[in-house]
Every structure is written in structure tokens, then in C-alpha cells.
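The primary structure of each chain is shown beneath.
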Amino acid sequence: MWDALVNNPWILWLIVMLVLAAIEMLTLDFLFLMMSLAALVTTGVSLVVDSFTAQVVMFALVSVLLIFLIRPIALRRLNRSAPTTRSNTDRLIGLRCMALEPVSQHSGLVRLEGDIWTARTATAAALPAGSTAYVHRIEGATAVVADVAPVPTQTNPGRGVRP
């Protein structure tokens, strides 16, 4: 087996590439992905260049180039988000819900996106069971609702009523 690796170094570089790719799947940091790509490039180089030292130098150079040139671009692209992207409870603001039982300033239940939430009203007016309401804000696990849709503000771009 060792003779096959010594006589065909491209097999060794393919094994290195697969091991580095497997490590990347566990870390998801793009570091080992860049090194895996460098091992793939070195596999091609090993078919042309017989010197193992030259192959190791090529692997190191390509790894450094990919890590410092391509990885930051890939990470930036992966981690970007639109300024109006809402997540978690922010995306619930403005959504329509239905009161399952009377909702007052102190208690109540609403169905919101298929889930049942504890609720209370944003105003003094109580909402009867079966009425439509709109989420004004989320406080912990409680939806603060009213019978009118919230007005989008400049500090919260993208928030609005979704039917």
C-alpha cells in the first residue's frame, strides 16, 4: 500500500482533500474548505511535478492564498443580511391574529401563525373572542395586540401589516 502512495502521490493528496473536507463539514468555518481546495489543486500538480517537496510548497502557497483572499469574501457573503430582514419575534409585528378568548389588558389567548400565544391588549379596549387583532409588539411570551394594525416607523424599517 505504501508503494502505491509513494509511486502515486496524487492518491495521497486526494486522501488529504477528503479528510480536510470532512473536517470542514464539522467546523463550517471555510478554513478547512480552503485547505481542501488547495489539496485538490496539489493533486493536479502532483501529476506533473515529481518532487514531493515542491508539491508541499504548492499546497502551502495555495492554502495561504485561498485562506487570505477567498475565505474573507466567502464569509462576508455568507454572513450578510438585508437591512430589512426581520427575525425572531420582530417578524411577528403587524401580523393578523385571532382572539381565542376575550383579550384584556391583563390576559387572553390568540392564535398567531398557527400557534397559541398568551396575549393582552395594547389599549384599554378589550377584544371579544373570535375577533381579529394585530400584533403591536412581543413582550416575552406575550403578544401585545390591538384591533388596528400598527403604523410602521422609521426606526423599524420593513415592519408593516401582512395579511
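What counts, and at which threshold
- Residues numbered from 1 in each chain as written.
- Predicted model: local features only at pLDDT ≥ 70, side-chain atom pairs only at ≥ 80, totals over all residues.
- Heavy atoms only, no water.
- Salt bridge = Lys/Arg side-chain N within 4 Å of Asp/Glu carboxyl O.
- Helix = DSSP H or I, 4+ residues; strand = E, 2+ residues; numbered from the N terminus.
- Buried < 20%, exposed > 50% of the residue type's maximum accessible area, 1.4 Å probe, protein only.
- Pairing = 2+ DSSP bridges.
- Axes fitted to C-alpha atoms, helices over the stretch in contact; angles between N-to-C directions.
- Parallel < 35°, antiparallel > 145°, perpendicular 65-115°, else oblique.
- Left-handed = near helix turned anticlockwise from the far one by under 90°.
- Contact = heavy atoms within 4.5 Å.
- Nonpolar A, V, L, I, M, F, W, Y, C, P; charged D, E, K, R; others polar.

(A) Representation of the pattern of salt bridges in the model. Under the definition given, this model contains four salt bridges. Between E139 and R120 there is a salt bridge; the shortest N-O distance is 2.1 Å. Of this pair, E139 sits in strand β4 (residues 132-139) while R120 sits in strand β3 (residues 115-121), placing them 19 residues apart in sequence. Exposure remark for E139: the relative accessible area of 35% places this residue in the partly exposed category. Residue R137 pairs with E139 through a salt bridge whose shortest N-O separation is 2.7 Å. Salt bridges sharing partners connect three or more residues here, namely R120, R137 and E139.

(B) Quick peek at the pairing of strand β1 (residues 96-99). A one-sided burial pattern is seen for β1, the buried positions being C97 and A99 and the unburied ones R96 and M98. Of the pairings in the sheet, the one linking β1 to strand β2 (residues 109-112) comprises two bridges and is antiparallel in character. Bridge pairing links A99 to V110 in β2.

(C) Representation of the packing of helix α2 (residues 9-27) against helix α3 (residues 31-46) in the model. Where α2 meets α3, the axes come as close as 8 Å, and the angle between the chain directions of the two elements is 170°. One way to sum up the angle between α2 and α3 is to call them roughly antiparallel. The crossing of α2 and α3 is left-handed. Two secondary-structure elements touch here, α2 through P9, W10, W13, L14, V16, M17, L20, A21, I23, E24 and T27 and α3 through L31, F32, L33, M35, S36, A39, L40, T42, T43 and S46. Of the residues belonging to the contact of α2 with α3, the class tally is 15 nonpolar, five polar and one charged.

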